[in-house]
Every structure is written in structure tokens, then in C-alpha cells.
Number of protein chains: 2
Amino acid sequence: MSTPTSASAAFPTMTDFVAACRDAIGAAHVLTDANDTAAYLTDWRGRYTGAACAVLRPGTSHEVAALVRLAVAHRVPLVPQGGNTGLAGGATPDASGKQAVVSLGRLNRVREIDTHNNTITVEAGVVLAEVQTRARDAGRLFPLSLAAEGSCTIGGNLATNAGGTAVLRYGNARELCLGLEVVTPQGEIWDGLRGLRKDNTGYDLRDLYVGAEGTLGIITAAVMKLHPLPAARVTALAGLASPHAALDFFALAGRYAGPLLTGFELMSDFCLRLVGKRFPQLRYPFDASHAQIVLLELSDSESEEHARGLFERMTEEALESGLVEDAVVAENLAQSRAFWDLREHIPLAQAEEGLNIKHDIAVPISRIATFIEETDAAIAASVPGARMVTFGHLGDGNLHYNVQAPEGGDPKAFLSQYQETLNRIVYDSVHKHHGSLSAEHGLGQLKVGAAAHYKSPVELALMRAVKSALDPLGLMNPGKVLG
Amino acid sequence: MSTPTSASAAFPTMTDFVAACRDAIGAAHVLTDANDTAAYLTDWRGRYTGAACAVLRPGTSHEVAALVRLAVAHRVPLVPQGGNTGLAGGATPDASGKQAVVSLGRLNRVREIDTHNNTITVEAGVVLAEVQTRARDAGRLFPLSLAAEGSCTIGGNLATNAGGTAVLRYGNARELCLGLEVVTPQGEIWDGLRGLRKDNTGYDLRDLYVGAEGTLGIITAAVMKLHPLPAARVTALAGLASPHAALDFFALAGRYAGPLLTGFELMSDFCLRLVGKRFPQLRYPFDASHAQIVLLELSDSESEEHARGLFERMTEEALESGLVEDAVVAENLAQSRAFWDLREHIPLAQAEEGLNIKHDIAVPISRIATFIEETDAAIAASVPGARMVTFGHLGDGNLHYNVQAPEGGDPKAFLSQYQETLNRIVYDSVHKHHGSLSAEHGLGQLKVGAAAHYKSPVELALMRAVKSALDPLGLMNPGKVLG
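Residues numbered from 1 in each chain as written. Chains lettered and ligands numbered in written order. Predicted model: local features only at pLDDT ≥ 70, side-chain atom pairs only at ≥ 80, totals over all residues. Heavy atoms only, no water.

How we decide: UniProt positions are given in the numbering used here, feature names are shortened, and annotations may be inferred rather than shown by experiment.
As recorded in an unreviewed UniProt entry, chain A goes by FAD-binding oxidoreductase and comes from Trinickia symbiotica. Quoted verbatim from the Cofactor (unreviewed entry) heading of the UniProt record, the comment on chain A is "FAD". What UniProt states about chain A under its Sequence similarities (unreviewed entry) heading is, verbatim, "Belongs to the FAD-binding oxidoreductase/transferase type 4 family."

## A closer look at the pairing of strand β13 (residues 261-268) of chain A
Residue and element names in this part refer to chain A. Going by this rule: For the exposure calls, accessible area comes from a 1.4 Å probe over protein chains only, and a residue counts as buried if that area is under 20% of its type's maximum, exposed if over 50%, partly exposed in between. By the criteria applied, helices consist of DSSP H or I runs no shorter than four residues and strands consist of E runs no shorter than two, each listed in order from the N terminus. We treat two strands as partners when DSSP finds at least two bridges between them.
Summarising burial for β13: eight of the eight residues are buried, a large majority. Across two bridges, the pairing between β13 and strand β18 (residues 387-393) is antiparallel. Bridge pairing in β18 links Met-267 to Phe-391.

## Remarks on the confidence of the model for chain A
All names here are of chain A. Spelled out, the test is: Each residue carries a pLDDT score, the predictor's confidence in it, ranging from 0 to 100. The contact criterion used throughout is that any non-hydrogen atoms of two residues lie within 4.5 Å.
The predicted model of chain A averages 95 in pLDDT, with 98% of residues at 70 or higher. Between residues 1-9, whose pLDDT stays under 50, and residues either more than four places distant or in other chains, the model counts 24 contacts. Interface predicted TM-score (ipTM) for the complex: 0.96; the corresponding pTM is 0.96.

## Overview of empty space enclosed by the protein
Rule in force here: Residues are called lining when one of their atoms sits within 4 Å of a cavity or pocket point, these points coming from a 1 Å grid over the protein atoms alone, where a cavity is a set in which a 1.4 Å probe fits but cannot get out and a pocket is an open set with protein on both sides within 12 Å along at least five of seven lines. Grid points are joined across faces, edges and corners, and a volume is the space filled by probe spheres set on the points. Each residue is assigned to one class: nonpolar for Ala, Val, Leu, Ile, Met, Phe, Trp, Tyr, Cys and Pro, charged for Asp, Glu, Lys and Arg, and polar for all the others, Gly among them. Domain segmentation is taken from an automatic or database assignment of domains.
Scanning all chains against the criterion turns up five cavities of 30 Å³ or more. Taken together, Arg-169, Tyr-170, His-227, Pro-228, Leu-229, Pro-230, Pro-259, Thr-262, Ser-299 and Ser-301 of chain A together with Gly-258 and Pro-259 of chain B form the lining of the largest cavity. Counting residues per element, the ones that place at least two in the lining of the largest cavity are α6 (167-170) and β11 (227-228) of chain A. When grouped by side-chain class, the residues that make up the lining of the largest cavity number six nonpolar, five polar and one charged. If you count residues domain by domain, the lining of the largest cavity takes at least three from each of domain 2 (110-228) and domain 3 (232-347) of chain A. In terms of lining, the second largest cavity is formed by Gly-258 and Pro-259 of chain A together with Arg-169, Tyr-170, His-227, Pro-228, Leu-229, Pro-230, Pro-259, Thr-262, Ser-299 and Ser-301 of chain B. Secondary structure elements with two or more residues in the lining of the second largest cavity: α6 (167-170) and β11 (227-228) of chain B. Here the residues of the lining of the second largest cavity are counted per class, giving six nonpolar, five polar and one charged.

## Overview of the pattern of salt bridges
Residue and element names in this part refer to chain B. Using the following cut-off: Each salt bridge in this description consists of a side-chain nitrogen of Lys or Arg and a carboxyl oxygen of Asp or Glu lying within 4 Å of one another.
This model, assessed by the stated rule, comprises 56 salt bridges over all chains. Among the salt bridges present, the one from Glu-130 reaches Arg-134, with a minimum N-O distance of 3.7 Å. You can see Glu-130 and its partner Arg-134 sitting in helix α4 (residues 128-137), four residues apart, about one turn around the helix. With relative accessibility at 32%, the residue Arg-134 sits in the partly exposed group.

## Notes on the nonpolar core
Put simply, the rule reads: Among buried residues, the Ala, Val, Leu, Ile, Met, Phe, Trp, Tyr and Cys ones that are joined through side-chain atoms within 4.5 Å form a nonpolar core.
In terms of nonpolar packing, the biggest core is built from 200 residues, with Phe-249 and Leu-296 of chain A together with Phe-249 and Leu-296 of chain B touching the most fellow members. Ignoring sequence-local partners within four residues, the contact set of Phe-249 of chain B consists of Ala-238, Leu-240, Phe-264, Val-294, Leu-296, Met-314, Thr-315, Ala-318, Leu-323 and Val-324 of chain B.

## A closer look at the sheet that holds strand β8 (residues 177-183) of chain B
Residue and element names in this part refer to chain B. Selection rule: Under this scheme, a helix contributes an axis fitted over its contacting stretch, all axes are lines through C-alpha atoms, and angles between N-to-C directions fall in the 0 to 180 degree range.
Spatially, five strands are ordered β5-β6-β10-β8-β9 in an open sheet, and the strand pairing comes out antiparallel. The two strands at the open ends of the sheet, each matched to only one other strand, are β5 (110-114) and β9 (189-192). For this sheet the average axis-to-axis angle between neighbouring strands, irrespective of direction, equals 10°. Taken together, the six bridges between β8 and strand β10 (residues 218-225) define a ladder with antiparallel strand orientation. The partner of Cys-177 across the bridge, within β10, is Met-224. In the packing of helix α3 (residues 61-74) onto the sheet, the strands contacted are β5, β8, β9 and β10, and the crossing angle to β8 comes to about 45°.

## What about the sheet that holds strand β2 (residues 54-56) of chain A?
Backbone-to-backbone hydrogen bonds join strands into a sheet, with any given pair of strands oriented parallel or antiparallel. Residue and element names in this part refer to chain A. Overall, mixed pairing links the four strands, which are arranged β1-β2-β4-β3 in an open sheet. Each edge of the sheet is formed by a strand with only one pairing partner; in this case those strands are β1 (30-31) and β3 (78-81). Sheet topology note: the β1/β2 ladder contains two bridges and is antiparallel. Following the sheet pairing, Val-30 is matched in β2 by Leu-56.

## What about the packing of helix α13 (residues 368-382) of chain B against helix α14 (residues 411-432) of chain B?
Residue and element names in this part refer to chain B. For the record, the criterion: Here the angle decides the label: under 35 degrees means roughly parallel, over 145 means roughly antiparallel, 65 to 115 means roughly perpendicular, and every other value means oblique. Crossings are classed by handedness, with left-handed meaning an anticlockwise turn of the near helix from the far one by less than a right angle and right-handed meaning a clockwise turn.
Where α13 contacts α14, the two axes come as close as 10 Å, and the packing angle between them is 155°. If you check the angle between α13 and α14, you find them roughly antiparallel. Note that α13 runs across α14; the crossing there is right-handed. Of α14, the residues touching α13 (which contributes Phe-371, Glu-374, Thr-375, Ala-378, Ile-379 and Ser-382) are Tyr-418, Leu-422, Ile-425, Val-426, Ser-429, Val-430 and Lys-432. Taken together, the residues of the contact of α13 with α14 break down into eight nonpolar, three polar and two charged.

Shown next, in the form of C-alpha cells:
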């Protein structure tokens, strides 16, 4: 692993490139000093550290385009970066020092809010929480919500097609995006900033760039959908005997609440025990133990009372039929918040407990219970003592199927001994159930090899054809998505 | 225009191709007799008639793949066709007789319904109404709904990214599709039949094929989303003074009903007068005239009473504030149906009134009122006596902005004199308002020229790069989408 420092001195052509970049966007926005660049060269989890000939901080789409044209002229590969909160190393340069990071943080203007069209037009570097706030100030909801929302940017959210806690009702970042502005690998600006719900005039370039992790061009702005602000959000918890029961309860909840159901999260008993162990103020929410706990959220356009009434009728049927063992509806906003706290403290409790292995996977919702049973059994047979931390967005078929080292063991030794075996068991099982080995985090550099292993040759060939057609020089975030 | 007959005799290489196709899928499924092929060679509106060396009717995805490989070997261009109900000539071959039609009608199996995953897996040739029925039988809603649903197929719906009457809540065909099976222009099968809500493992090939009108490959099967079946659907009509008032009413309705609002259709007074003239049994729904009439639909997961209560509170506020001049909530299913009948008889009344010019356009919802005002004025200034038939899915920003010849005039003469002028005025105005010249019908061959005129060179170059990369021989539906 190389030291995070400027490599421009080592490569004469880099020196010319960096000088030209200074002319194009101003010397103050071209970082080469190791102290200045360090934060851009290591990923959020600290798994990857790279080097760069420069970190470029353009202030407008036209400056991004100018930088791309310089990169083409000097054949310098570019690594676009938003809030640098990705979990798969997609925004970290390689160790060669020949790449340049393009940080979009200065493209941070909200260009327009259109309440009649229910859209907000934002530049790539606007922080997600800022988009939420601006929408709320205009009496609208921007539903994308995830743990890193205080520092991740909308450009990064789109490049990785971020998911989060509201996908069940509102979709991923992809479904929230109506239009894009993109700087192509040739340094031209594609103005696809349309705020239209319907447009059937050719190929869907927008969705090609969304989720491409900067390998096909650099997203510089987007038109995002807004929704009416719900009058109330109310949560409930239910204790169940098994993931199978959770599936049946999900179908029942859909029948009662339809599109008002905005959250359906599954957490195993062990997850909440771990939270209780590490954060004793967050107590187990039921008197008795339940193998699985579900958190439900309703977003109601009428009132809190209406939502609570719905919950009460729904849980009454579920309790009477024996589907649910126990249930509690939040009495107020503070209690709703407390229920979500349990859910959100699971990864934090995992970190406190020590190094662990994360799998961000998806399977068809109907396969979730079987997937957990089969994969748990396979892991128990091959990895003695492994503790499964299984939780996630059941309503989206998305599980965080994580593995903690055995109680009292050495997590580091455990990881180095079993990481490969565990990944193979989990991904084989995901593959068998027609699932995805990266539900919401993307491939980055972390999962490029796994994706190449499990995807069909036809699909890989199609992806390569698209990549070569749009980025024939291969300068856009090389080594990510496709190896 | 050539006669719709077999051209295989005229081109020796065609003869070999057709013979090879007979071997591959059986002679009974290779049509060359003019009587057999005629129905496949003229589009639904009767605007385009082409010729073909054969109409091929494969029965499985593997047979489709085999035919594509033969087409590659013999360099025969292929025109995929579903129910042949498209409105832009996208499924009609050219006049050369060198193309072959691939009709997907025999791929008509429902492969799987998964109620826990809320998905249905269907082959391309399944008729839309059949998908709706099968979903309903399983206690689920498949919301895609449009006039041609009794004969159009899901493959065609996806190839054209069909819209229809439920887009406001459920999205276009694109948003209802989770996965695809596609035969590539190389004759390989891409198995992307995933039933996942989240999958971030590479480029979004699915959305590239959706809306590509068969120019990048042939869709042979799809996994489509299902939704919980609403407990009740209730409609209401409101009379308003202007499109501006309709926009404010739309915002108010969103606040009251949130995602329960599944329809918000605008119809001008003239539309309903025309319906009344041609279908006297369908009377004007209010005692007094209103410049604009809005049809609203709620899909409620609770009950009819609940929906009606919502409507009553909503219209009360709108009436009190003067936003709405009059309103009526349907008393029962029959009356809801009658309200929709008014809306659905507008195109029929137009046809009765005589030849007319249709524009299927979209603009940002916030621009609708201004678009109508400005464009109406421009047309009045240039085309004396033109009668505007303006209606559509206001909630999607999608207008059917149609033009009827002057009262008592000769429609044919009117069309030939003014069609070009009218298209230019309308599309210039759409372009000015950042809209789309084909909201839900696609480009086909009808709008290829207009799209090329209004799209930016950057966007056209990107589309061409994708087309060349995936279909380097240019055998997939040539002349459609891109000229």
C-alpha cells in the first residue's frame, strides 16, 4: 500500500496535467499536499487507502467538463468522489498515484424547488440531509434516508443507487430520480435535467448512469422527486416466532395499510440482545423473548390517530390468528424514535462487540426465511461458534446478514481464518436463491471479483460493451464495477 | 408503399433464411402467405404498411434466440412485434421486404406468481388483461392499465415503456418491472429475471431494454411487481375555472390523500361537450359549465366509506376556498365507472368528429397551465378555427393535446394544410418548457425525425454509441428510435 501523497513529481505527464488543472479551476482547488489530500484517499471504513496525483475540487459542471477534457488529453484516470462515505471502496483511487480524485463537494447548490411539480434540482455535492431539510421547508418530503445522510452527497447516492430505510414505499435513489446532468468521458455535458414523470423518447440514459459508480461519466446535478409530507409517522414492534411468520405478517400488513406502510424491518432476538449488552439504556422491548422482532412504520396522510387505529386493527388480527406473539404500538413520537433507535444501534453494537463480517444481500422476499434457515445451517456446519447478526429491510428483501466472531474468541484471527469461507457460503446461497450480493452498497472495488464470479458471461459481456462504448479510453473510475 | 406480401422470392438469401427458420421453429410458425401475414404488416392506426420476407412466430425464448442467430448469419433485419397496438409504427417493418417480423404472441405463459414477493413472471406475449386477471385471482393488483389492454402484450408494454391510467401512483411499465429475459442481437439469452427490489451489482441493463422499442434486443420474459389489492376504488369529479386552479387542487389532493390518490385527470369543457355531442347518453356531469373538469380516483386499503370521507373533506376545503366551483363524489361503483366513461370516450368522440392531430406530450406538472395558455394562443394565431381537445393525466404532467379541424370544415384538407405547422408549434412549446414530445407512446418511426431535431447532439451521440455497442450489425428493428 502506498503512502497517501502527491505522485505528480514521479510522473512528468502528471505535472503537466496538474498544472493545467490549476489553470482551469484555480490553484486553490487543486490539492496535492499530503495533508490536504489524505482525507480523500482513504475510504470511510478504512479498508482502502490509495494515492493520487491530485485531488480536484471543481465548482461548476463546466469546470468538471474542463477537467475531464484535460484528463483525456493527458490520459489521466479520474475517480469521482462525493461525501466519501461509500462502503465498497468505489470512491478511493488505486495505489499507483497516477489517478486524480474529482471531489464534487463544491457543486453544492440547490438549483430549484418546484412544489407543483414535486421536484428539487440539486447539484451532485449537496449533502443528503440538506436535500431533506430543503424539501421539508417547502412542505414536501424527500424520502431518501440512510445512516450517512449527514455527510453523503446526492451525487454519491445516485452513483451507488443508495437504498436506506424508505425503499419499501418510495424506492431506491434510482426511483427518486427524474433527470440528470452528466459530464461524459469525452468532457461534454449531457443535459438530461428533465422533471418529467413520462418521457418515452429513446434510451434510458439516466438509469444507465445511476448505479454506475462513476464508471460511465460524472453526475453533476439531478432532478429528484418530492412527495407530499405525511401528517404523521407512527411505528410499532411485533414479536414473532420465525422469519416465516414475519413473511405472513408482511402480507397481512400490506393488505391493511397498502402504501401507508413505509417500513418493515426484521431483527433477530440476538440483534436486540447485543444492543442491550452494549447499550444497556436500550432495553429489550418485550417482557418475553421472541425469535424475531419486526419494526413497522406507517406514514399517514391523515393523522396519528388514524395510523394508530390501523395498527391496532392489524395487530389484533395478527395476534388472534397467532401470527404475532406480542405487539406494541408507539404512544408518541419519542417512543417511535426509541423503536428506530433499537434498529439503528445494531451496527453500532456490532462494532463495539468487535470486528465482524458484513453481507449486504437481497433475495426475493418470499425466499428470506428459507435463505436464513439454509445459510445459518451451512455456516453452523463449517464455522463453529459463528454468531449470526441478521437484520434488515424485510419489505425490500434486503438483509444485513452479518457474522460476529464466537463469544470470547479473537475476532481478528476468526476473520482471517473464516472470511473467505463465509463469503463463499453466503454468496453461493444468495446465488441459489436468485439474489444479489450487493443490495444497496454497490460493487466498488470490494465486490468486483465476486460479481465477476457469479454473473453470467452474457451479462458481463453486455456490461463491458456499454463501458467500452461510453468510455473507450477507460479513464472513468477504472477498476470499479468491472475489474 | 409496397404490397404486403412475401418478398422472399425476390431475394435469394431471404429464401435460405426463411427455410432455415422453418427448420428452427417449424413450418407452421413461419408465415409467408400474404393472407397470413397481412395483419402483422399494418400498424393499429393504419398509418404504416410494410412488407416482410416472413412473419416468424417462435414458441420459446430459445426459439427466439435461434431465429436471431439465423438473422445474424443471413443479415436479415428483425422487427419484434407484440399485440401490434402501438401508436407510433414501432412494430411495422419497412417496405423493402427484406425484414422479418418476430411476433412474440406464442410466448404466452405465466411462468410464476409469487404472492409473498409480490411478483408475477410472464412471457413477452402474455396479453396485459391476462396479467391483470391472474394477479387479481391471486389477491393482488397489477396496476398497468390502458385502452389496448385486451390485445397489447406485456413485451410491447415494456418495449415502449407504456403509461396509462395508474402512473401517478404506480409508475410506468418501467417502474413495474423488476427483471427481464432478453435475447441479445447476437442471439444469446440474457437471464436477468430477478425479482429483487434492491440489486446494485452493475449497470442497469433492465432499464436500457425497457423503452428501447426492440432496437437493442428482444424482450422474451419479465418479472413484474404486484401490489396489494385495494379494498375500494372511488372517483370524484370537480369543476374548475382554469388549469391553474387544477394545479393548486392537485397539490391539495396530494396533501389529503398522499399515495391513496391514484388518478388525477384533466378534461377541458370542450372535451366533454364533444363527448355529449357524439354520445348523448353520456351527459355533462354538472348543471353549470366549468372551463376544466378534473377526475380524481382514490384507491383505498380500508373501505369505500373511508375513501368517500377523504373526498368529502378534501372537496369541502377546495369549495370553501373557491379553488373548485363544484364537485361530485361517486355514490357507487357504477357511478365511478360512469365518470371514467366520460374520460375514455374523449378519443372515441374525436374519431367520430373526424380526422384529427394527436400530440402525446409531457411537461413538468407546474408548467401545464402555462403550456396550455401559450400553445393555445400560438395555434389560434396561426391556424384559424382549430379546435383544441386537451385532456390527460395532469398528475403525470402528460397531456393529450389534440387538434380537431374547424367546425364544418374538411378535416382532410385541414390536416394536409396544417399538420406540419401544428406539430412545429406544439413541439417548439414542449421544448421550451423542457417537456417530452412522446410521453407514453414511444418514438417508433413516427417521431424519429422530431426526436432527432429536438434532442441535443450529445444525447443523440450517447444513444448511437449504446446502439452500436449492443447491436453492431444494426439488425434489431432498424429505423426505429434512431433514424
